[in-house]
Amino acid sequence: MDSFRVLLTLFEQYQTFAISTHVNPDGDAIGSELALFLFLEKLGKTVRIYNTDLVPKKYQFLPYWENIENAKASTDFCPEVLVILDASSRERIGPFLSRRLIPTHAVVNIDHHITAKEFGDYNLIVPTASSTAEIIYKFIKSTQIPIDEASALCLYTGLMFDTGCFRYSNATPETHRIAADLIEIGDFAPDEIYRQVYEHVPLGKIHLLGQTLQTLEHTPDNKIAWVLVTQSMLNETQTTLDDVEGFVNQIQAIENVEVAICVCELPDGNTKVSLRSEGRVDVAALAAEFGGGGHERASGCRINLPCASAIKELVATAKRHIQEIC
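Residues numbered from 1 in each chain as written. Predicted model: local features only at pLDDT ≥ 70, side-chain atom pairs only at ≥ 80, totals over all residues. Heavy atoms only, no water.

S.K.: Now, about the sheet that holds strand 5 (residues 106–111): what can you tell me, with residues and values included?
M.R.: In spatial order, the strands read 3-2-1-4-5-6; together these 6 strands make up an open sheet with parallel pairing. Edge positions in the sheet fall to strand 3 (68–70) and strand 6 (122–125), since each of these pairs with one other strand and no more. Sheet twist, expressed as the mean angle between neighbouring strand axes with direction ignored, is 25°. Across 5 bridges, the pairing between strand 4 (residues 81–85) and strand 5 is parallel. Counted as the bridge partner of Leu-85 is Ile-110 from strand 5. Along the sheet face, helix 2 (residues 27–42) touches strand 1 (16–21), strand 2 (46–51), strand 3 and strand 4 and points at about 170° away from the line of strand 1. Where helix 4 (residues 132–141) meets the sheet, it contacts strand 4, strand 5 and strand 6, and its direction lies at approximately 115° from that of strand 5. (Pairing = 2+ DSSP bridges. Helix = DSSP H or I, 4+ residues; strand = E, 2+ residues; numbered from the N terminus. Axes fitted to C-alpha atoms, helices over the stretch in contact; angles between N-to-C directions. Contact = heavy atoms within 4.5 Å.)

S.K.: Could you give me a rundown of the nonpolar core, with the residues and numbers involved?
M.R.: Core analysis: the biggest nonpolar cluster contains 54 residues, and Phe-11, Ile-19, Phe-39, Val-83, Ile-110 and Leu-182 have the highest contact counts within it. Looking at which element gives the most residues to this core, the answer is helix 5 (residues 149–162), with 9 residues. Leaving out residues up to four positions away in the same chain, Ile-19 has contacts with Glu-33, Leu-36, Phe-37, Leu-40, Val-47, Arg-48, Ile-49, Tyr-50, Val-83 and Leu-85. Core analysis: the second largest hydrophobic core is formed by 20 residues, Cys-301, Ile-303, Ile-311 and Val-315 among them. (Core = buried A, V, L, I, M, F, W, Y, C linked by side-chain atoms within 4.5 Å. Buried < 20%, exposed > 50% of the residue type's maximum accessible area, 1.4 Å probe, protein only.)

S.K.: Can you explain the pairing of strand 4? Please cite residues and give values.
M.R.: Every other side chain in a regular strand lies on the same face of the sheet, so the side chains alternate between the two faces. Of all 5 residues in strand 4, 5 are buried, a share of seventy percent or more. Judged by which residues are buried, strand 4 turns out to be covered on both faces: Val-81, Val-83 and Leu-85 on one side and Leu-82 and Ile-84 on the other are all buried. Alignment of strand 1 against strand 4, held across 5 bridges, turns out to be parallel. Within strand 4, the position partnered with Thr-21 by the bridge is Leu-85. Following the chain from strand 4 across helix 3 (residues 95–100) to the adjacent parallel strand 5, one finds a crossover that is right-handed. (Right-handed = clockwise from strand over helix to strand, strands pointing away.)

S.K.: Can you explain the packing of aromatic side chains? Please cite residues and give values.
M.R.: The full count for this structure, using the stated rule, is 8 aromatic pairs. With centroids separated by 5.2 Å and ring planes inclined at 70°, the aromatic side chains of Phe-39 and Phe-139 adopt a geometry described as edge-to-face. Taken as a pair, Phe-39 in helix 2 and Phe-139 in helix 4 lie far apart in primary sequence, 100 residues in all. Residue classification places Phe-39 among the buried residues on the basis of a relative accessible area of 2%. Look at Tyr-50 and Phe-77: their rings are 6.2 Å apart centre to centre, the planes differ by 45°, and that puts the pair in the tilted class. Taken together, the residues Tyr-50 in strand 2 and Phe-77 in the loop between strand 3 and strand 4 connect sequence positions 27 residues apart. Comparing Tyr-50 with Phe-77 shows no difference in burial state: the two are buried. (Phe/Tyr/Trp six-rings, centres within 6.5 Å; stacked < 30°, edge-to-face > 60°.)

S.K.: Kindly report on helix 5, identifying the contributing residues and their values.
M.R.: For an α-helix the count is 3.6 residues per turn, leaving residues at separations of three or four pointing the same way. With 14 residues, helix 5 should cover 20 Å at 1.5 Å per step; its first-to-last C-alpha distance of 20 Å lies within 8% of that length. Two residues or fewer after helix 5 comes Gly-164, characterised by a positive phi angle close to 60°. (Expected span 1.5 Å × (residues − 1).)

S.K.: Before we move on, can you summarise the environment of Ile-84 with the specific residues and values?
M.R.: Positionally, Ile-84 belongs in strand 4. Ile-84 sits 29 residues away from Val-55 along the chain, and the two C-alpha atoms are 16 Å apart. Setting aside its immediate chain neighbours within four residues, Ile-84 contacts Ser-20, Arg-90, Ile-93, Val-107, Val-108, Asn-109, Ile-110 and Phe-119.

S.K.: Please set out the pattern of salt bridges residue by residue, giving values where relevant.
M.R.: Considering all chains together, one arrives at 13 salt bridges under this definition. For Glu-69, the salt bridge goes to Arg-48, with nearest N and O atoms at 2.9 Å. Of this pair, Glu-69 sits in strand 3 while Arg-48 sits in strand 2, and the two are 21 residues apart along the sequence. Two residues, Glu-192 and Arg-195, come together in a salt bridge whose shortest N-O distance is 2.9 Å. One end of the pair is Glu-192 and the other is Arg-195, both in helix 7 (residues 190–199) and 3 residues apart, which spans about a single turn. In this structure, a network of salt bridges that share partners links the residues Arg-48, Glu-69 and Asp-76. (Salt bridge = Lys/Arg side-chain N within 4 Å of Asp/Glu carboxyl O.)

S.K.: Can you break down the side chain of Asp-28 residue by residue, with the values?
M.R.: As for its position among the elements, Asp-28 is in helix 2. Of the side chains with opposite charge, Arg-92 lies nearest to the buried Asp-28, which makes no salt bridge, at 10 Å. Polar contacts involving the side chain of Asp-28 include one to the main-chain amide nitrogen of Thr-132, which spans 2.9 Å. Separated by 2.9 Å, the side chain of Asp-28 and the backbone nitrogen of Ala-133 make a polar contact. (Lys, Arg positive; Asp, Glu negative; His and termini not counted. Polar contact = N/O pair within 3.5 Å; in protein donor to acceptor, adjacent residues only side chain to side chain.)

Encoded structure:
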């Protein structure tokens, strides 16, 4: 693939690299970062990873996760190349990093979201890929450097997360073949990786889920359903926004629901939104109306409004999208 050869040439040309990803990083973002970090180190490069948010505890089983630094540490490092992974826009890496992490030569943008913007000097955007981890896998495979066990584990975790444990429609036959190759290389048990990510659940998250489900509301026809997570709920259950991950899937599973919405109150009073679709409504397009993005069936955004106002606008917009497909 010509784009891979161009990317490898760019990587070989420079010596210092920074890697970053979107705020509230998930399994695909973190797994892709770590795999690319290990690849560049094998090329003899100086590499540092900077994220706005800390690595969630459930991903701290991944090898080399300690190499992911806090955003503020970026002020003492000026890379030649900045590689941004799995972020639909440069701003998605966070306000501090987007302003302060400025490379001297090039920004590389690697992503698989259909709503991704070409904000880099070099853009490798593959909407047909299941995940950014799949793109990184194919890129490394195109080189002469083999994928090692640590990288295989990181890439498999990314692949598993962004395919919903291989149950989403983006899990193609090729995706399964890649997963099989990574399992063979990494010599790990897939069920153990699943348990690490999904079954080491703190008690506070269960209490938070219970409170969240009590906020469930829906339109009269049940096609749109939503739940609310407030700061007081997080404080009472001693949880964080990371613990809300997956709640929207509980709502999406309700019979007849076309669009599921989970809104979270942010510390500044604004709203973080997760969206899921049964399949007919493109929630990436819905999220894009609020400055967000993602996949057709799973997307998100942040809205600079209180939760009540955000819900009102989201439900009205979702109704319009449902009417357009009927």
